[in-house]
Amino acid sequence: MRSQGQVRFIKVSSRMQKIAASVVVIALLVWAISMAVMSWTQYRAQADRLSLLEREAEVATAQERVNAYRDDLGSVTEDLQKRQEFLEAMTAALPEDIKAEDSSTAGTVTDSSSEAAETVSKVSSSIPEAAELARIEARQLAFVEKLTRFADRRAARAERAIRQLGLNPTAMLKGADREAMGGPLEILATGANGSIDPRFERLGLSLARMAALERGLDAIPQITPTNLNVTKVSSGFGYRRDPFTGGGAMHSGLDFKGPRGAPIYAAAKGVVSYAGWKSGYGKTIEITHGNGMMTRYAHMSRYSATAGQVVDAGDPIGAIGSTGRSTGPHLHFEVRINERAVNPRPFLEAAPNVLKEARRTGNGDNTRG
């Protein structure tokens, strides 16, 4: 190092070089292992889905069902009752757009209509007293496959919306698997012997995937946290000149300048995980939205929500102030994913239109202004 005409040397010992090399090697190993685990998880998920599709293709043939009717009509009746209970448990409230068909998901589910029609025909001719049961079974299977296509269609729509907003739906699904849950084990069955028809099992998986992705949509920041008629963005995300030191600094959110006392709104549905004083931020509220997503609202003058409270997008949670490290009344708004700050602007600008299209809710606007 040359300084004021003098040359100084820094020596790195062989021991220090070995330590540095070891750290680099360990970091590379950790990275390689994490990538391998991620690849294996994705492979297993795809393999499980393909396996289920293969099992769907191996469901009972018409002749096998006729034999079952002939062998034990009482057992078949009990099986159909179990199937009906399964359907009622899975579809307590049917969505309005279930009747819609979409060719993009037609190939994701088996079509048992031909086999079911043949079953009805054979049962009607061989065991006339069981004809009505066969027709009930055929209607159940048609409904299950239609509902599965519906769930796959809704899940695909939610997945496209999540990707449009720069997020990873696969990671979101993994996060959903880690959510707190529990309760007694109640195994669903479609047969009197406790077995489950793979078509019904596939329906359960499709509905669960749809529900997890749509919950993920609700967790995405989609409401501008202030009224744009009385506020404006005074500082963006990224590096800027620090207002106190004058030096360069990282700004991990958006600042909305506005009058003291102006309302602040929750940007998305979630649970208030923190409401209190935070160093540098002043009076702060943090909302956890699930799947590693968190929003932070700082420099408040007062709170309108408390820790543990469930809030919807657009609910008032506080008011603009100038508490903490602040030069004047404004809201400092952050979006964090797995503790890492990301730019909130793309969410606030794109999410309302993207989510409106994904939900097909009409012409309502989710931004405030």
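Note: the structure precedes this text.
Each chain carries its own residue numbering, running from 1 in the direction its sequence is written. Local features in a predicted model are, by the rule used here, given only for residues with pLDDT of at least 70; side-chain atom pairs are given and counted only at 80 or more, and totals for whole chains, interfaces and linings are based on all residues. Computation of side-chain values covers all heavy atoms of the structure but excludes hydrogens and water.

Comment: elements are numbered from the N terminus, with helices defined as DSSP H or I runs of at least four residues and strands as E runs of at least two. What the protein contains, in helices and strands, is eight helices and 14 strands. Looking at the protein as a whole, 39% of its 369 residues qualify as buried. Contacts are assigned to residue pairs that have any heavy atoms within 4.5 Å of one another. At a minimum sequence separation of 6, the contacts of the protein that also span at least 24 residues come to 72%. Only the protein chains shown count as cover for residues, with accessible areas throughout obtained via the Shrake-Rupley method and a probe of 1.4 Å. Working note: accessible area of the protein is about 20,800 Å², and carbon and sulfur atoms make up 54% of it. Partly exposed residues are those whose accessible area sits between 20% and 50% of the maximum for their type, while under 20% is buried and over 50% is exposed, using a 1.4 Å probe and protein chains only.

Right, let's talk about the packing of aromatic side chains for a bit. Remark: the centre distance and the inter-plane angle together describe each pair of aromatic rings, the angle taken between the planes. Each Phe, Tyr or Trp ring (for Trp, its six-membered ring) is paired with any other whose centre lies within 6.5 Å, and the angle between the two planes then decides the class: stacked below 30 degrees, edge-to-face above 60, tilted in between. If you walk through the whole model with that rule in mind, you get one aromatic pair. With centroids separated by 5.3 Å and ring planes inclined at 45°, the aromatic side chains of Tyr297 and Phe333 adopt a geometry described as tilted. A residue pair is termed long-range when its members are at least 10 positions apart, and Tyr297 in strand β10 (residues 293–303) and Phe333 in strand β13 (residues 330–337) qualify at 36 residues. Just as Tyr297 is buried, Phe333 falls in that class too. The ring of Tyr274 carries Lys278 above its face, with NZ or CZ at 4.5 Å from the centroid. Sitting above the plane of the Tyr281 ring, Arg296 keeps its charged end 4.7 Å from the centroid. Our definition puts a charge over a ring when NZ of Lys or CZ of Arg is within 6 Å of the ring centre and also within 35 degrees of the ring normal.

Right, let's talk about the pairing of strand β6 (residues 254–257) for a bit. Pairing analysis gives three bridges linking strand β3 (residues 232–235) to β6, with the strands arranged antiparallel. Residue pairing for β6: Ser235 is matched across the bridge by Asp255. Strand pairing follows a simple DSSP-based rule, namely that at least 2 bridges must link the two strands. Pairing between β6 and β13: four bridges, direction antiparallel. Bridged to Asp255 within β13 is His332.

This paragraph deals with the side chain of Thr231. Mapping Thr231 onto the fold places it in the loop between α7 (198–218) and β3. Since its relative accessible area comes to 8%, Thr231 is described here as buried. Two N or O atoms form a polar contact when they lie within 3.5 Å of each other; inside protein one atom must be a possible hydrogen donor and the other a possible acceptor, and for residues adjacent in sequence the pair counts only when both atoms belong to side chains. Of note is the side chain of Thr231, whose polar atom sits 2.7 Å from the side chain of Thr226. Looking at Thr231, its side chain comes within polar contact range of the main-chain oxygen of Asn227, at 2.9 Å. Here Thr231 is in contact with Thr226, Phe256, Lys257, Gly258 and Ile320, once residues within four sequence places are set aside.

The next thing to look at is the pattern of salt bridges. The salt bridge definition used is simple: a Lys or Arg side-chain nitrogen within 4 Å of an Asp or Glu carboxyl oxygen. The tally for this structure, following the rule as stated, stands at 11 salt bridges. Salt-bridge contacts for Arg240 lead to Asp255; the nearest nitrogen and oxygen are separated by 3.3 Å. Here Arg240, found in strand β4 (residues 238–241), pairs with Asp255, found in strand β6; they are 15 residues apart in sequence, far enough to count as distant. Arg240 sits in the partly exposed class, given a relative accessible area of 26%. Across the pair Glu334 and Arg296 runs a salt bridge whose closest N-O atoms are separated by 3.1 Å. With Glu334 in strand β13 and Arg296 in strand β10, this pair connects stretches of sequence that are 38 residues apart. Arg296 matches Glu334 in its accessibility class, with the two residues each being buried. Three or more residues are tied together by salt bridges with common partners; here these are Lys278, Glu286, Arg296, Glu334 and Arg336.

Now for a nonpolar patch on the surface. Taken together, Val12, Met16, Ile19 and Val23 make up a surface patch of nonpolar side chains, about 340 Å² in accessible area. With respect to the element layout, Val12 can be found in the loop between β2 (6–7) and α1 (14–57). Looking at Val12, the relative accessible area reads 47%, which means it is partly exposed. The patches described consist of residues with a relative accessible area above 30% and no salt bridge, like charges being joined within 9 Å and nonpolar side chains (Val, Leu, Ile, Met, Phe, Trp, Tyr) within 5 Å.

Formed by 49 residues in total, the largest nonpolar core has its most connected members in Leu167, Ile220, Ile285, Ile287, Tyr297, Ile317 and Phe333. For this core, the element with the highest residue contribution is helix α5 (residues 131–164), accounting for nine residues. Every residue in contact with Ile220, bar those within four places of it in the chain, is listed here: Ile162, Leu165, Leu167, Ala267, Ala268, Phe347 and Ala351. For our purposes a nonpolar core is just a set of buried Ala, Val, Leu, Ile, Met, Phe, Trp, Tyr and Cys residues, chained together by side-chain atoms within 4.5 Å. Counting residues in hydrophobic clusters, the runner-up holds eight residues, among them Val66, Ala116, Val123 and Ala138.

Think of each axis as a best-fit line through the C-alpha atoms, taken over the contacting stretch in the case of a helix, with angles from 0 to 180 degrees between the N-to-C directions. Where α5 contacts α7, the axes come no closer than 8 Å and their chain directions differ by 25°. The orientation of α5 relative to α7 falls into the category roughly parallel. Crossing of α5 over α7 shows left-handed handedness. In the scheme used here, Gly and all other residues not listed as nonpolar or charged are polar, with Ala, Val, Leu, Ile, Met, Phe, Trp, Tyr, Cys and Pro taken as nonpolar and Asp, Glu, Lys and Arg as charged. Residues that form the contact of α5 with α7 fall into these classes: 15 nonpolar, two polar and eight charged. Each angle receives one of four descriptions, namely roughly parallel if under 35 degrees, roughly antiparallel if over 145, roughly perpendicular if within 65 to 115, and oblique otherwise. Crossings are sorted by hand: turned counterclockwise from the far helix by less than a right angle, the near helix makes the crossing left-handed, and turned clockwise it makes it right-handed.

Considering the arrangement of structural elements, one finds His332 in strand β13. On the accessibility criterion, His332 (5% relative accessible area) is buried. As a C-alpha pair, His332 and Leu254 span 78 residues in sequence and 5.8 Å in three-dimensional space. Reaching out from His332, the side chain makes a polar contact with the side chain of Asp255 at a distance of 3.1 Å.

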